[in-house]
Amino acid sequence: MSPTIDYDAPTPPYQQMAAEIIRDIESGTLAVDRPIPSESALIQRWGVARDTARRAVKHLRELGYVYTVPQRGTYVRDRSAEGEHQGDE
């Protein structure tokens, strides 16, 4: 079953997509240093515009869940080391 976007929700579509991908990362469905689905795959899976898929990936980067390697793709970032040091500041 494909995830759906609730266009009537107060949360923007790209954030809904990002939240679903975060759930996949946190559950281990998407593994550290493995690629997340391509923009094309995200567009097909959710039925959204390319800009929406790009914004979702950008949002994930800003939150620190993924990193992008030019010409290669976007990969799940290892956040375990960051979690061990929270509160050390």
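What counts, and at which threshold
- Residues numbered from 1 in each chain as written.
- Predicted model: local features only at pLDDT ≥ 70, side-chain atom pairs only at ≥ 80, totals over all residues.
- Heavy atoms only, no water.
- Helix = DSSP H or I, 4+ residues; strand = E, 2+ residues; numbered from the N terminus.
- Buried < 20%, exposed > 50% of the residue type's maximum accessible area, 1.4 Å probe, protein only.
- Contact = heavy atoms within 4.5 Å.
- Areas by Shrake-Rupley, 256 points an atom, 1.4 Å probe, with all protein chains shown as cover.
- Salt bridge = Lys/Arg side-chain N within 4 Å of Asp/Glu carboxyl O.
- Pairing = 2+ DSSP bridges.
- pLDDT = per-residue confidence, 0-100.

## What about the overall build of the chain?
Turning to step 1, where the next piece is worked out: Counting its regular elements, the chain contains 4 helices and 2 strands.
Turning to step 2, where the next piece is worked out: Put simply, the chain runs from its N terminus to its C terminus through helices and strands in the order α-α-α-β-β-α.
Turning to step 3, where the next piece is worked out: The proportion of buried residues among the 89 residues of the chain is 31%.
Turning to step 4, where the next piece is worked out: Partitioning the contacts of the chain with sequence separation of at least 6, the portion at a separation of at least 24 is 53%.
Turning to step 5, where the next piece is worked out: For the chain, the accessible area works out to roughly 6100 Å², and carbon and sulfur atoms hold 46% of it.

## As for the pattern of salt bridges
Turning to step 1, where the next piece is worked out: Overall, the coordinates contain 5 salt bridges when judged by the stated rule.
Turning to step 2, where the next piece is worked out: Note that R23 is salt-bridged to E20, the shortest N-O span being 2.9 Å. Separated by 3 residues within a single helix, R23 and E20 lie in helix α1 (residues 13-27), roughly one turn from each other.
Turning to step 3, where the next piece is worked out: The class for R23 is partly exposed, based on a relative accessible area of 48%.
Turning to step 4, where the next piece is worked out: Measuring nitrogen to oxygen at the nearest pair gives 3.9 Å for the salt bridge that ties R45 to D24. One end of the pair, R45, is in helix α2 (residues 39-46); the other, D24, is in helix α1, with 21 residues separating them in the sequence.

## Concerning the environment of L63
Turning to step 1, where the next piece is worked out: Tracing the backbone shows L63 in helix α3 (residues 50-63).
Turning to step 2, where the next piece is worked out: Taking the C-alpha atoms as reference points, L63 and I22, separated by 41 residues in sequence, lie 9.9 Å from one another.
Turning to step 3, where the next piece is worked out: Filtering out sequence-adjacent residues up to four positions away, L63 remains in contact with I22 and R79.

## Describing the pairing of strand β2 (residues 73-76)
Turning to step 1, where the next piece is worked out: As paired strands, strand β1 (residues 66-69) and β2 are joined by 4 bridges and run antiparallel to one another. The residue of β2 that forms the bridge with V69 is G73.
Turning to step 2, where the next piece is worked out: Hairpin remark: β1 followed by β2, antiparallel, with 3 residues in the connecting loop; positive phi at Q71, about 70°.

## Notes on the confidence of the model for the chain
Turning to step 1, where the next piece is worked out: Here the chain shows a mean pLDDT of 89. Residues at 70 or above account for 88%.
Turning to step 2, where the next piece is worked out: Segment residues 83-89 is flagged for pLDDT under 50; beyond a separation of four residues in sequence, or across chains, it makes 0 contacts in the model.

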